[in-house]
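Take a look at the letters that make up each chain.
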Amino acid sequence: MTGTKRRCHFIILALLAFYGLSQQHCGQTTNDNPPAWLVVAKKLAEDKMNPSSEYITRQLKAGHHPNRLINEKSPYLLQHAFNPVDWYAWGEEAVEKARQENKPIFLSIGYSTCHWCHVMERESFENPDIAKIMNEYFVCIKVDREERPDVDKVYMTAVQAMTGSGGWPMSVWLTPNLQPFFAGTYFPPDSRYGRPGFPDLLKRLHTAWMEQREQVVQSGEQIIKVLQEHTALSAAPDSALLFTPTLRTAYSQFYSSFDERLGGFGNVPKFPRPVAFNFLLRYYARHNEKGALEMTLATLRKMWAGGMYDHLGGGFHRYSVDAYWRVPHFEKMLYDQAQLVCSYLEAYQITHDAFFANVVRDVLDYVLRDMTHPEGGFYSAEDADSAPDPAHPEEKEEGAFYLWRQQEIVDLLGKENAEIFNYCYGVSDTGNTISDPQGEFHDKNVLYAAYTVADAARRFKRSEAEIAAILDEARKKLFEARKIRPRPHLDDKIITAWNGLMISAFARAHQVLDEPKYLQAAERAASFVLNKLYNAPTKTLTRRYRDGEAKYPAHLDDYAFLTQGLIDLYEAEFDIKWLEKAVALTETQNRLFWDKNGSGFFDTSGEDETILLRTKEDYDGAEPSGNSIAALNLLRLSQMLDNKQWWDMAEQTLRLFGNRLQSAPHAMPQMLAAIDFSLDKPKQIIIAGKSNAPDTRAMLHAVHERFIPNKILLLADGGEGQVYLGKFLPIIESVKMLDGKATAYVCENYACQLPTTEVEVIVGLLEQNKKI
């Protein structure tokens with residue numbers, strides 16, 4: 001990417017020369033909102049079933065008037081529906097206006113739980129004087145990146161190429177043909193932090209457009225051309241790729257960046273990045289490399305111990321702003337909860353340490369309590385910011401819901417119990433937030449596991465049981481007291497991809513912990529998505545559901561993540577309908593996204609002409625890439641259905657990214673997990689029996705309590721499930737119970753060892769074939 005950045009940077013340097021021209025006085029405009037938008041706002045405010053009614057009511061009472069975003073369902077766009085900015089949603093209406101009026105476009109991309117997005121809104125988008133500049137000189141478009149990752153991907157690629165970094169809020173200026181010519185992230189209302197003031201920048205860009213338009217347009221064309229060339233060249237198949245050395249190189253890179261004292265990888269801020277754990281645990285299983293296991297377990301323990309984890313309500317915050325996992329960025333994302341549940345589950349399977357199982361239960365209880373739609377789907381996120389004072393709900397601070405002053409705790413618990421609690425959770429009268437980027441925390445405390453129960457027992461000369469009981473009761477009291485505080489904003493849109501990840505988490509938690517409510521949650525969510533976001537006649541998905549509306553064509557990650565969830569759900573309860581839907585979604589995915597002229601999967605279908613780049617994502621970051629999960633799904637399904645074509649497609653996908661895998665394998669840990677699967681002859685474990693029979697459950701428990709990542713699990717129940725599987729796997733027709741008992745068949749390449757009805761025997765077979 002270095003060459004691409006250099007070329008784009010050169011273009012930007014040339015543009016800056018005429019951005020520095022003399023400023024023009026900004027004309028005055030008004031944002032005369034059509035009365036229809038006010039009517040819409042009033043109807044929404046009156047509808048108490050509408051999740052945004054309270055917010056809209058407050059805005060109307062304050063005398064604010066809506067803009068056209070009042071017609072949108074996105075919580076992020078609705079947050080901006082009362083700005084004086086004449087916002088448009090992404091679409092043909094805005095593009096056509098820019099072309100007719102020959103105006104550049106100001107594109108602002110963010111999401112509803114983004115702290116700096118809130119800051120820029122308060123400072124600039126709510127400022128009438130700045131809004132006048134925006135309305136006069138630009139067509140302004142607001143995009144929710146979680147609804148439209150396709151738009152976000154194009155312009156984040158441009159921002160990173162032009163500036164060397166990226167983030168949100170993303171601020172990009174486009175020609176009417178949607179080509180970027182200037183970009184950045186957060187801009188303050190006046191010059192500070194080494195950044196130009198936003199209104200000053202707007203005027204300079206307007207001057208450049210008016211006086212140097214031809215050069216500006218040419219620059220936009222050049223930038224898009226460079227990015228298109230880079231996109232075409234970034235994925236080059238490597239037929240000579242040696243997978244095993246690539247795994248070793250990746251392990252070495254993680255090892256060299258590991259923080260031995262505090263856990264985690266790299267410098268601050270510290271992100272959890274569960275995809276890294278996925279690879280490391282599989283590397284441990286393959287090579288018996290204790291270092292891979294120890295790095296993972298140490299990081300999982302340190303993350304939980306820090307303020308990254310909500311010790312009262314469960315769930316993980318987005319990331320830590322310090323090296324100690326102490327002070328988090330307080331938003332909670334669904335995709336983090338889903339993936340970390342799987343990481344802690346796998347740690348439990350390997351160690352059988354109850355600590356990891358308890359973390360899983362706490363996180364899933366949080367999701368069920370606070371992140372679940374009444375009909376079963378899962379919400380997207382909770383904000384970092386909330387109001388310290390209920391009387392002023394619009395005046396928000398980061399972490400206000402989660403932070404405590406010492407005296408608050410003393411008042412709630414009493415002096416004696418508070419002393420024990422504050423010792424264990426690191427609470428002090430001066431505050432314990434070792435990092436305070438915005439100067440908001442002062443004498444407040446974030447709860448973290450400063451000392452253990454054993455430490456407290458020694459210090460206070462109590463038994464460990466007494467200390468544990470005191471802490472348990474204290475957490476309950478503080479949790480109840482916290483419920484009275486104004487809650488952070490809930491982004492209640494339902495994203496198909498993230499629901500797929502969460503379905504996997506609940507399904508796998510049921511497998512390992514044998515908890516029925518987890519299976520029920522996975523089933524309800526899968527049914528919700530398939531009922532609300534799946535078009536049965538076309539077998540296609542939509543991206544987002546909110547407030548009765550399903551909207552936007554789904555992308556590769558939506559298909560891949562949901563398919564993975566359905567495969568995991570099938571292996572949790574063996575209802576064949578989940579596997580059938582996984583197959584149907586995979587067929588649609590292959591039709592819409594597979595590169596028929598090359599290999600691998602595009603992120604989008606290519607049907608939307610406003611999306612100027614058709615990318616193939618390979619980076620496994622906060623979420624795994626669609627290509628990584630799609631490849632692993634194809635490998636699993638090919639073994640379940642004896643589909644050699646899908647196995648070949650998976651291998652072609654892995655080799656497509658061969659150059660990147662060799663140069664930077666640590667950037668693609670989830671793809672390395674797929675490679676690990678492809679290197680094995682995955683175990684086919686077939687259980688003949690009735691799914692809910694005790695002897696069948698005993699067999700399944702023997703499988704699920706072990707960490708066996710490269711396997712498939714099938715049930716021959718003598719019913720429609722076995723009939724369906726028999727269409728693809730002739731061997732399944734001969735699989736049956738022996739002497740009326742649940743019977744296990746452990747196979748490789750469909751060559752099975754002698755069937756057994758004894759749990760001890762299947763345990764021996766599984767242990768015999770383990771690499772560790």
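**Some points on the overall build of the chain**
Part 1: Summing up its helical and strand segments, the chain has 30 helices and 20 strands in all.
Part 2: Expressed along its principal axes, the backbone C-alpha trace of the chain runs to roughly 90 × 70 × 50 Å.
Part 3: Across the 772 residues of the chain, 59% fall into the buried class.
Part 4: A sequence separation of at least 24 residues applies to 69% of the contacts in the chain between residues at least 6 apart.
Part 5: Split by element, the accessible area of the chain, about 30,200 Å² in all, is 49% carbon and sulfur.
Part 6: Side chains of the chain carry 85 positive and 102 negative charges; the gap between the two charge centres is 1 Å.

**As for the pairing of strand 4 (residues 170–174)**
Sheet faces and side chains relate simply in a regular strand, where the side chains alternate between the two faces.
Part 1: Counting buried positions along strand 4 gives five out of five residues, so the element sits mostly inside the fold.
Part 2: Across the two faces of strand 4 the burial is the same, with M170, V172 and L174 and S171 and W173 all buried.
Part 3: Pairing analysis gives five bridges linking strand 2 (residues 105–110) to strand 4, with the strands arranged antiparallel. Within the sheet, the bridge partner assigned to L107 lies in strand 4 and is V172.
Part 4: Where strand 4 hands over to strand 5 (residues 180–184), the hairpin turn is made up of five residues, of which L178 adopts a positive phi near 75°.

**Considering the pattern of salt bridges**
Part 1: This model, assessed by the stated rule, comprises 49 salt bridges.
Part 2: Residue K517 is joined to D365 by a salt bridge in which the shortest nitrogen-to-oxygen separation is 3.2 Å. A residue pair is termed long-range when its members are at least 10 positions apart, and K517 in helix 21 (residues 516–532) and D365 in helix 15 (residues 354–370) qualify at 152 residues.
Part 3: A single salt-bridge network, built from bridges that share partners, covers D144, E146, D491 and K493.

**Focus on the state of the cysteines**
Working definition: the covalent bond between the sulfur atoms of two cysteines is a disulfide.
Part 1: Considering all chains together, one arrives at two disulfides under this definition.
Part 2: Each disulfide pairs two cysteine sulfurs, and for C114 the partner residue is C117, the sulfurs being separated by 2.3 Å. On the sign convention where negative is left-handed, the bridge of C114 and C117, at about 80° about the S-S bond, is right-handed.
Part 3: C114 sits in the buried class, given a relative accessible area of 3%.
Part 4: Paired by a disulfide, C747 and C752 hold their sulfur atoms 1.9 Å apart. Measuring the twist about the S-S bond at about 90°, one finds the C747-C752 disulfide to be right-handed.
Part 5: The buried category is assigned to C747, whose relative accessible area is 2%.
Part 6: If one numbers only the bonded cysteines of the chain, in the order they occur, the disulfide pattern is 1-2, 3-4.

**Quick look at the packing of helix 17 (residues 415–424) against helix 19 (residues 464–482)**
When two helices pack together, their arrangement is given by the angle between their axes and by how far apart the axes lie.
Part 1: It is the contact of helix 17 with helix 19, at a shortest axis distance of 10 Å, that shows an interaxial angle of 90°. In terms of orientation, helix 17 lies roughly perpendicular with respect to helix 19. Facing N417, I420, F421 and C424 of helix 17, the residues of helix 19 in contact are I467, I470, L471, A474, R475 and L478.
Part 2: Looking at the contact of helix 17 with helix 19, its residues break down into eight nonpolar, one polar and one charged.

**Remarks on the confidence of the model for the chain**
Reading fine detail from the predicted coordinates is not recommended where pLDDT is low.
Part 1: Mean pLDDT over the chain: 92, with 93% of residues reaching 70 or higher.
Part 2: A low-confidence stretch, residues 13–32 (pLDDT under 50), is modelled with 44 contacts involving residues beyond four sequence positions or located in other chains.

**Brief notes about the sheet that holds strand 8 (residues 332–333)**
Hydrogen bonds between backbone groups are what pair the strands of a sheet, and the pairing can be parallel or antiparallel.
Part 1: One open sheet accounts for three strands, arranged 8-9-12; its pairing is antiparallel. A single partner strand is all that each edge strand has here, and the edge strands are strand 8 and strand 12 (490–491).
Part 2: Judged from the two bridges that link them, strand 9 (residues 381–382) and strand 12 form a sheet pairing that is antiparallel. Looking at the pairing, A381 lines up with D491 of strand 12.

So, how was this worked out
- Residues numbered from 1 in each chain as written.
- Predicted model: local features only at pLDDT ≥ 70, side-chain atom pairs only at ≥ 80, totals over all residues.
- Heavy atoms only, no water.
- Helix = DSSP H or I, 4+ residues; strand = E, 2+ residues; numbered from the N terminus.
- Buried < 20%, exposed > 50% of the residue type's maximum accessible area, 1.4 Å probe, protein only.
- Contact = heavy atoms within 4.5 Å.
- Areas by Shrake-Rupley, 256 points an atom, 1.4 Å probe, with all protein chains shown as cover.
- Lys, Arg positive; Asp, Glu negative; His and termini not counted.
- Charge placed at Lys NZ, Arg CZ, Asp CG, Glu CD.
- Pairing = 2+ DSSP bridges.
- Salt bridge = Lys/Arg side-chain N within 4 Å of Asp/Glu carboxyl O.
- Disulfide = S-S within 2.5 Å.
- Axes fitted to C-alpha atoms, helices over the stretch in contact; angles between N-to-C directions.
- Parallel < 35°, antiparallel > 145°, perpendicular 65-115°, else oblique.
- Nonpolar A, V, L, I, M, F, W, Y, C, P; charged D, E, K, R; others polar.
- pLDDT = per-residue confidence, 0-100.

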